[in-house]
Amino acid sequence: MSRLEPAIVTCAPDGTPLSERYGDVYHSADSGPGQARHVFLGGNGLPGRWRGRDAFVVLETGFGLGLNFLATWDAWRRDGSRPGRLDYIAIEKHPLARDDLATVLARYPEFGDLARRLAERWPSPLPGTHRRDFGGVVLTVVFDDIASALARLSAAADAVYLDGFAPARNPDMWTPAVLRTVARRMRTGATCATWSTARAVRDALSEAGVACELRPGFGHKREMLAGTLVRSARSRHPATRTREPYPEQHAIIVGAGLAGASAAASLAARGWRTTIIEAASAPATGASSLWAGSVHPLIARDDSRLARLSRAAFLHALDAWREREREGHTAAWRRCGVLQLARRPGNESGWRAAIESLGFPPEFVRLVEQPEACALSGIEVGRPGLWFPEGGYACAPRVVRAWLDAALAHPGSRLVASTRVERIERAHDLWNAIDASGATIAAAPVVVLANANDLARMSPVALPLRSVRGQVTYVPSDDRPAPRSVVIGNGYVLPPVDGRIVTGSSYDLESAEPAPTVEAHAGNLARLGELAPALAAGLDPRTLDGGVGFRAVASDRMPIVGALGDPANTDQPPGRYAIGAFASRGLTWAALMGEFLASTIEGDPLPIESDLAEAIDPARFVRRARRRAGGQ
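All values reported here derive from a predicted model rather than from experimental measurement. (Residues numbered from 1 in each chain as written. Predicted model: local features only at pLDDT ≥ 70, side-chain atom pairs only at ≥ 80, totals over all residues. Heavy atoms only, no water.)

Enquirer: How would you summarise the overall build of the chain if you had to cite specific residues and measurements?
Expert: The helix and strand inventory of the chain stands at 18 helices and 31 strands. Its C-alpha atoms give the chain a radius of gyration of 26 Å, near enough to 26 Å, the size a compact globule of 632 residues would have. By its C-alpha atoms, the chain is 80 × 65 × 55 Å across when sized along the principal axes. Within the chain, the fraction of its 632 residues that count as buried is 58%. (Helix = DSSP H or I, 4+ residues; strand = E, 2+ residues; numbered from the N terminus. Rg over C-alpha atoms; globule rule 2.2 N^0.38 Å. Buried < 20%, exposed > 50% of the residue type's maximum accessible area, 1.4 Å probe, protein only.)

As structure tokens, this is what we get:
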């Protein structure tokens, strides 16, 4: 993704908001909200066209000040026949900063609380896809160049708002190639509307299969353009997929750790009933049982898929957990900042180049020299590092409990503990979870395998998973200098959590030992000594307590989330999914992966780019094996 350059908004002589970059106004001088309602809602036949629908998808090219979104949200909340879910997808190359957006939106008091809620949760100007669920209205905003964003968008729109700056001033938004791709992201019968009546725009839309007509314009503009997709632009892109015709919204989820709990909560938010089956006597066992863990993204000079996905997951988790706090739930996490130390002096040059080339703002990450690193962390460290001010730590068992509470609040949902699923079988269009005695534990049209290292045993396709034992060490915080922030490097250490300083973690590939060992404690203390020598001094590994979790790790270190099956077999039964392989980043991955899985099951627009979806697809290993075999 390219470097983001935030928008700078000034005013035209008549007071209309103006883009300095493009020398064009953001909306008609007659009225921004009026233009939104007449051109974009009216041009797409809204709200009438969404009535009687369970879900409806709007795609906008150019979010700008957000007035079209706010007008659509306002129309939705006033409509008693509205769909239960309205997905609004917007692409913006030059987003406003949060404070600037709040200032500009204050000029439109008619949107009141909607504008305030949008500004409060507006993403930082970081490249990628950002999702915000406002309770029935789901905003997915993509900060990227229009061509790049459309190419990697997984959605099928029912209505399109074409709202870039004027074609003469911003031609990249209106090329025939861009408008063809827009058409490929529309369902047959979908509509589009724009204030622009340029002949080149009409011709490009017509060539893409859109039947266009001129209609009366808004204010001083005589005409506008509206159209309907009558000839589908054929595409193999996942945007053309439709949701599975499941007979009921009921899913079996095998596993009640971070993966299973996040999937259950995201499905419950869409009205699904879940039966969660856990082999242990209680939720949050395995890797999810560890006392606490760090939450932070990765930075890479090439902004690799792993770095992009970790950034998206980190930002999604921050927003999701903040919303839980606003709703009055007890915080299961702490934003204390994360300091990532360079492995050795001079190693920070790659980070500096990445931050400069990608344009990351300091509220996301910045490079700090050794004296400031000491001041921020509250302990003596010997190297410079990256400072993530919004990072911190979370308590996995509490996060799991919060998600399970949300899922189990749905009528008919239940948790079945102390029960191991031996196999799953398909019968009468339902998946049956079978125990060792052959009895059916539950039956549902959808089954989600979230059972960590046991996932491979029940998968219909080969999944190269390894079980990695991770041991953490608990250091009493009474008599030693405790860090104020998370500090990570070759290992990590957290601030005191309920009187314990958590440090770790071992990475034991072959061990199946369930209890903490002195040897692993000694290894953790050695890593702690590299991070913070004063904190590790005088500790005896034989006297310390700790915890053990077994992580599921895929061969490419990426999560495994999506439909399970052979992509070459079109006759396989639907409704079988997986979520897991979070390795040592479960607290960072979980919230976004649960949302991604629920979106996949429901056929909603995806919350990440299509290339990232492919990178976590369980079928990727089958495809790679076939490519290797074909090359031999």
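On we go from here.
Enquirer: Which residues make up the sheet that holds strand β22 (residues 430–434), and what are the values?
Expert: The sheet built from three strands is open, its strands ordered β21-β22-β23 with antiparallel pairing. Taken across any chain shown, the strands that pair with only one partner, and hence form the sheet edges, are β21 (423–427) and β23 (440–444). Each adjacent strand pair in this sheet contributes to an overall mean axis angle of 25 degrees, direction not counted. Of the pairings in the sheet, the one linking β22 to β23 comprises four bridges and is antiparallel in character. Bridge pairing in β23 places alanine 433 opposite alanine 442. (Pairing = 2+ DSSP bridges. Axes fitted to C-alpha atoms, helices over the stretch in contact; angles between N-to-C directions.)

Enquirer: Before we move on, could you go through the pairing of strand β12 (residues 250–254) and cite the residues and values that matter?
Expert: Of all the five residues making up β12, five are buried; the element is thus mostly covered by neighbouring parts of the structure. The side-chain alternation of β12 yields two buried faces, one formed by His250, Ile252 and Val254 and the other by Ala251 and Ile253. By the bridge criterion, five bridges tie β12 to strand β13 (residues 273–277) in an arrangement that is parallel. Along β13, the bridge assignment pairs isoleucine 253 with isoleucine 276. In terms of handedness, the path from β12 via helix α8 (residues 258–268) over to β13 forms a crossover that is right-handed. Bridge analysis of β12 against strand β24 (residues 446–449) gives four bridges, and the strand direction is parallel. Considered in β24, the bridge of isoleucine 253 is made with valine 448. (Right-handed = clockwise from strand over helix to strand, strands pointing away.)

Enquirer: Outline helix α2 (residues 67–78), supporting the account with residue identities and numerical values.
Expert: Between its terminal C-alpha atoms α2 stretches 16 Å, which fits the 16 Å expected from 12 residues at 1.5 Å a residue. Summarising burial for α2: 10 of the 12 residues are buried, a large majority. Along α2, the positions that sit buried rather than exposed are Leu67, Asn68, Phe69, Leu70, Ala71, Thr72, Trp73, Asp74, Ala75 and Trp76. (Expected span 1.5 Å × (residues − 1).)

Enquirer: I'd like a rundown of the packing of helix α3 (residues 98–105) against helix α4 (residues 112–120), residues and numbers included.
Expert: Running from N to C, α3 and α4 cross one another at 170 degrees; their axes reach a closest spacing of 9 Å. Relative to α4, the element α3 lies roughly antiparallel. Residues Arg98, Leu101, Ala102 and Leu105 of α3 lie in contact with α4, whose contacting residues are Ala115, Leu118, Ala119 and Glu120. Among the residues making up the contact of α3 with α4, the classes are represented as six nonpolar, no polar and two charged. (Parallel < 35°, antiparallel > 145°, perpendicular 65-115°, else oblique. Contact = heavy atoms within 4.5 Å. Nonpolar A, V, L, I, M, F, W, Y, C, P; charged D, E, K, R; others polar.)

Enquirer: Residues and numbers for the pattern of salt bridges, please.
Expert: Pairs can form between side chains of opposite charge once their charged atoms are near each other. For the structure on display, the rule yields 46 salt bridges. Across the pair arginine 51 and aspartate 79 runs a salt bridge whose closest N-O atoms are separated by 3.0 Å. Of the two residues, arginine 51 is situated in the loop between α1 (32–43) and β4 (55–61) and aspartate 79 in the loop between α2 and β5 (85–92); the sequence distance between them amounts to 28 residues. The partly exposed category is assigned to arginine 51, whose relative accessible area is 44%. Relative accessible area serves as the criterion here: at 7%, aspartate 79 is assigned to the buried category. We note a salt bridge from glutamate 609 to arginine 308, for which the minimum N-O separation is 3.9 Å. (Salt bridge = Lys/Arg side-chain N within 4 Å of Asp/Glu carboxyl O.)

Enquirer: An account of the nonpolar core is requested, with residue identities and associated values reported.
Expert: One finds Ile299, Trp403, Ile579, Met593 and Ile601 to be the most contacted residues of the largest nonpolar core, which totals 83 residues. Here the element with the most residues in this core is helix α16 (residues 586–602); it accounts for 10 residues. Not counting residues within four places of it along the chain, the set of residues in contact with isoleucine 601 comprises Tyr246, Leu267, Trp272, Val446, Val448 and Tyr577. Listed in part, the 76 residues of the second largest apolar core include Leu86, Phe111, Val182 and Met224. (Core = buried A, V, L, I, M, F, W, Y, C linked by side-chain atoms within 4.5 Å.)

Enquirer: Talk me through the confidence of the model for the chain; I want residue IDs and the actual numbers.
Expert: For the chain, per-residue confidence averages 92 on the pLDDT scale, and residues scoring 70 or more make up 97% of the total. Scored below 50 in pLDDT, residues 236–241 makes 21 contacts in the model with residues more than four places away or belonging to other chains. (pLDDT = per-residue confidence, 0-100.)

Enquirer: Summarise the environment of tyrosine 507; cite the residues concerned and give the values.
Expert: Assignment of secondary structure puts tyrosine 507 in the loop between β28 (500–504) and α14 (518–531). As for tyrosine 507 and alanine 520, which are separated by 13 residues in sequence, their C-alpha atoms are 9.1 Å apart. With near-sequence residues (within four places) excluded, tyrosine 507 lies in contact with Val468, Arg469, Arg551, Val553 and Arg557.

Enquirer: Please set out the packing of α8 against helix α12 (residues 396–408) residue by residue, giving values where relevant.
Expert: Interhelical geometry of α8 versus α12 gives an angle of 30 degrees and a closest axis separation of 8 Å. The angle between α8 and α12 places the two elements in the roughly parallel class. The way α8 lies across α12 gives a crossing that is left-handed. Residues Leu258, Ala261, Ser262, Ala264, Ala265 and Ala268 of α8 form the contact with α12, whose participating residues are Ala396, Val399, Val400, Trp403, Leu404, Ala406 and Ala407. Looking at the contact of α8 with α12 residue by residue, the classes come out as 12 nonpolar, one polar and no charged. (Left-handed = near helix turned anticlockwise from the far one by under 90°.)

Enquirer: Account for the sheet that holds strand β14 (residues 293–295), naming residues and giving values.
Expert: Sheet architecture is open: three strands sit in the order β14-β19-β15, paired in antiparallel fashion. What marks the edges here is a single partner per strand, and that holds for β14 and β15 (333–334). Sheet topology note: the β14/strand β19 (residues 392–394) ladder contains three bridges and is antiparallel. Considered in β19, the bridge of valine 295 is made with glycine 392. Strands β14 and β19 of the sheet are contacted by α16, whose axis makes an angle of about 55 degrees with β14.

Enquirer: Summarise α1; cite the residues concerned and give the values.
Expert: In a regular helix each residue adds 1.5 Å, so 12 residues correspond to 16 Å; α1 covers 15 Å between its end C-alpha atoms and thus fits that length. Counting buried positions over the 12 residues of α1 gives nine, a clear majority of the element. The complete set of buried residues in α1 reads Gly32, Pro33, Gly34, Gln35, Ala36, Val39, Phe40, Leu41 and Gly43. Lining the buried residues of α1 we find α2, β8 (157–162), β9 (186–194), β10 (210–216) and β11 (223–229). Looking at where α1 begins, the residue whose side-chain oxygen comes 2.9 Å from the main-chain nitrogen of glycine 34 is serine 31. (Polar contact = N/O pair within 3.5 Å; in protein donor to acceptor, adjacent residues only side chain to side chain.)

Enquirer: Any chance you could break down the packing of aromatic side chains for me, citing the residues and the numbers?
Expert: Across all of its chains, the model carries 18 aromatic pairs by this definition. Both rings, one in phenylalanine 63 and one in phenylalanine 69, keep their centres 6.1 Å apart while their planes meet at 40 degrees; by these two values the pair is tilted. On the basis of relative accessibility, which here comes to 2%, the residue phenylalanine 63 falls in the buried class. With relative accessibility at 0%, the residue phenylalanine 69 sits in the buried group. Ring centres of phenylalanine 69 and tyrosine 88 lie 5.0 Å apart, and the angle between their planes is 70 degrees; this geometry places the pair in the edge-to-face category. In this pair, phenylalanine 69 sits in helix α2 while tyrosine 88 sits in strand β5, placing the two residues 19 residues apart along the sequence. An identical accessibility class is assigned to phenylalanine 69 and tyrosine 88; each is buried. Its end group placed over the ring of tryptophan 76, arginine 82 keeps NZ or CZ at 4.5 Å from the ring centre. Above the face of the phenylalanine 134 ring, arginine 121 is positioned so that its terminal group lies 4.9 Å from the ring centre. (Phe/Tyr/Trp six-rings, centres within 6.5 Å; stacked < 30°, edge-to-face > 60°. Lys NZ or Arg CZ within 6 Å of the ring centre and 35° of its normal.)

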